[in-house]
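Single-letter residue listing:
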Amino acid sequence: MWNGSLVVLFRVTTGSTDNWDAHWSSLADSNSLNPAQSYRRALIFKALGLVAASGPVRLLELGSGQGDFAQDVLSSCPAAELVGLDLSATGVEIAGRKVQRAAFFQQDFTRPIGLPDRYRRWATHAVCSEVLEHLDDPVAALRNVRTLLAPGCRLVVTVPAGPMSAFDKHIGHRNHFTIDRLDETLRAAGFVVAELNGSGFPFFNLYRLTVIARGRQLIQDASGADGRPLPLAARAAMRAFSWLFRLNRPVGSRGWQLVAIAVEPDT
């Protein structure tokens, strides 16, 4: 019997813009430098409150990426035990190399979850970060994964707000959210919404506007399509935004990084 945290990870792939085997192969290096990743993870950790948890933590993550969040979990919660589910074989491979203490498996979460029965109603905490914008039916997906959540499970959800960039469309964003739409999505899936913020004003919004202004050139830069590493100017901009993000407002309604805390009902 495991005695630590459970983290389950997944990614959806349906069509050319959702080819995450290709995306993770080409974007792994640039994605690791993205200041939005570390900023977002800080918001998630604060919302989860894992360190202050009164009992054993079993954490379910929905959306693995390259294992960066799992790596952070192990750094702050060394007793955590991590299990990863991801449709992308490349994503699973990258995460497995990066976080060797975790186990990662391929799984399409839009279908019935194939975990052993001992994981049903298991998770005391859950994370769904930057995933719902990729789904045609986010409500149905959230309903599906509720079979893994224990009564009272604390779910932290992040999604992007604001306009979409060419890069967003390239990696398969269907829609961006508003606070009202995220609230409606969570409630329709059966959750109780405890808190919902538009975080990141003003500098996260400025970062997103910079991404939008860069257009399709950002896709070339990030993927190294011309055989060159990420340009020095882009690296410098990322470092500058990493510093500026310290000045963002974590709560409010104007930021384009939406963060919600929801709860799995007791009944």
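Participant: Teacher, can you tell me more about unusual backbone geometry here?
Facilitator: Backbone phi values are negative for most residues with the exception of glycine, while trans is the configuration of most peptide bonds. A cis amide bond links Phe-201 with the next residue in sequence, Pro-202, at an omega value of 5°. As for its placement among the helices and strands, Pro-202 is situated in the loop between β6 (192-199) and α8 (203-214). Located in the positive-phi region is Arg-121, a residue other than glycine, with phi close to 55°. Within the element layout of this structure, Arg-121 appears in the loop between β3 (103-105) and β4 (123-129). In this model, Glu-130 sits at a positive phi of 55°, which is unusual for a non-glycine residue. Tracing the chain through its elements places Glu-130 in the loop between β4 and α5 (138-145).

Participant: For this particular structure, what's the right way to read the confidence of the model for the protein?
Facilitator: Low pLDDT means the predicted atomic positions in that stretch should not be read closely. This prediction gives the protein a mean pLDDT of 82; 82% of its residues lie at or above 70. Ignoring residues within four places in sequence, the model shows residues 1-5, a span with pLDDT below 50, making 18 contacts including any to other chains. Within the model, pLDDT remains below 50 along residues 7-16, and this stretch shows 54 contacts once partners closer than five positions in the same chain are excluded.

Participant: How should I be thinking about the pattern of salt bridges in this particular structure?
Facilitator: A side chain of one charge can pair with a side chain of the opposite charge when the charged atoms of the two come close. Here the structure, examined in full by the defined rule, presents 9 salt bridges. With a closest N to O distance of 3.5 Å, Arg-40 and Glu-130 form a salt bridge. You can see Arg-40 sitting in helix α2 (residues 35-48) and its partner Glu-130 sitting in the loop between β4 and α5, a full 90 residues away along the chain. Glu-130 shares its class with Arg-40; the two are buried. A salt bridge links Lys-98 to Asp-68, with the shortest nitrogen-to-oxygen separation between them at 2.5 Å. Within this pair, whereas Lys-98 is found in helix α4 (residues 89-98), its partner Asp-68 is found in helix α3 (residues 68-76), the two being separated by 30 residues in sequence. Classification of Asp-68 by relative accessible area gives buried; the value is 12%. Linked by salt bridges that have partners in common, Arg-121, Arg-146 and Glu-264 make up one network.

Participant: What is the right way to look at α8 in this model?
Facilitator: Since the α-helix advances by 3.6 residues per turn, residues separated by three or four positions end up pointing in the same direction. Under the 1.5 Å per step criterion, the end-to-end length of α8 is 16 Å for 12 residues, consistent within 8% with the ideal 16 Å. When α8 is considered as a whole, its buried residues turn out to be Phe-204, Asn-205, Tyr-207, Arg-208 and Val-211. Buried residues in α8, looked at end-on, bunch into an arc of 160°, giving them a common side.

Participant: What should I look at first to understand the nonpolar core in this one?
Facilitator: Side chains of nonpolar character tend, in soluble globular proteins, to be buried together. Core analysis: the largest hydrophobic core is formed by 68 residues, its most contacted members being Leu-132, Val-157, Leu-182 and Leu-186. Ranked by residue count, the leading element in this core is α2, at 7 residues. Apart from residues lying up to four places away in sequence, Leu-132 is in contact with Pro-138, Leu-142, Val-157, Val-159, Phe-177 and Leu-182.

Participant: Is there a simple way to explain helix α7 (residues 179-188) in this structure?
Facilitator: Taken together, the buried positions of α7 are Leu-182, Thr-185 and Leu-186. The buried residues of α7 occupy an angular sector of 95° when the element is viewed end-on, so they sit on one face. Away from the buried face of α7 by more than 90 degrees, exposed residues Asp-180 and Glu-184 are located. Buried positions along α7 lie against α5, β5 (149-160), β6 and β7 (257-263). Of the residues flanking the end of α7, it is Gly-190, one or two places downstream, whose phi is positive at about 105°.

Participant: It is not clear to me how the packing of aromatic side chains should be interpreted in this structure. Could you clarify?
Facilitator: Aromatic ring pairs: the centre-centre distance and the angle between the two ring planes describe each pair. Counting across every chain of the model gives 9 aromatic pairs. Relative to Phe-241, the ring of Tyr-207 has its centre 5.2 Å away and its plane inclined at 75°; by these criteria the two rings are edge-to-face. Here Phe-241 lies in helix α10 (residues 232-244) and Tyr-207 lies in helix α8, a separation of 34 residues in the sequence. Relative to Phe-245, the ring of Phe-241 lies with its centre 6.0 Å away and its plane at 45°, an arrangement referred to as tilted. Residue classification places Phe-245 among the buried positions, given a relative accessible area of 4%. Among the aromatic residues, ring-to-ring pairing joins Tyr-39, Phe-204, Tyr-207, Phe-241 and Phe-245 into one connected group.

Participant: Just to check I follow, could you spell out the pairing of β7 for this structure?
Facilitator: Within a regular strand, side chains alternate between the sheet's two faces. For β7, a buried count of 6 out of 7 residues is recorded, marking the element as mostly surrounded by other parts of the structure. Relative to β7, β5 is paired through 7 bridges, and the arrangement is antiparallel. If you follow Arg-154 over to β7, its bridge partner there is Val-263.

Criteria and thresholds
Residues numbered from 1 in each chain as written. Predicted model: local features only at pLDDT ≥ 70, side-chain atom pairs only at ≥ 80, totals over all residues. Heavy atoms only, no water. Helix = DSSP H or I, 4+ residues; strand = E, 2+ residues; numbered from the N terminus. pLDDT = per-residue confidence, 0-100. Contact = heavy atoms within 4.5 Å. Salt bridge = Lys/Arg side-chain N within 4 Å of Asp/Glu carboxyl O. Buried < 20%, exposed > 50% of the residue type's maximum accessible area, 1.4 Å probe, protein only. Expected span 1.5 Å × (residues − 1). Arc of directions from axis to C-beta. Core = buried A, V, L, I, M, F, W, Y, C linked by side-chain atoms within 4.5 Å. Phe/Tyr/Trp six-rings, centres within 6.5 Å; stacked < 30°, edge-to-face > 60°. Pairing = 2+ DSSP bridges.

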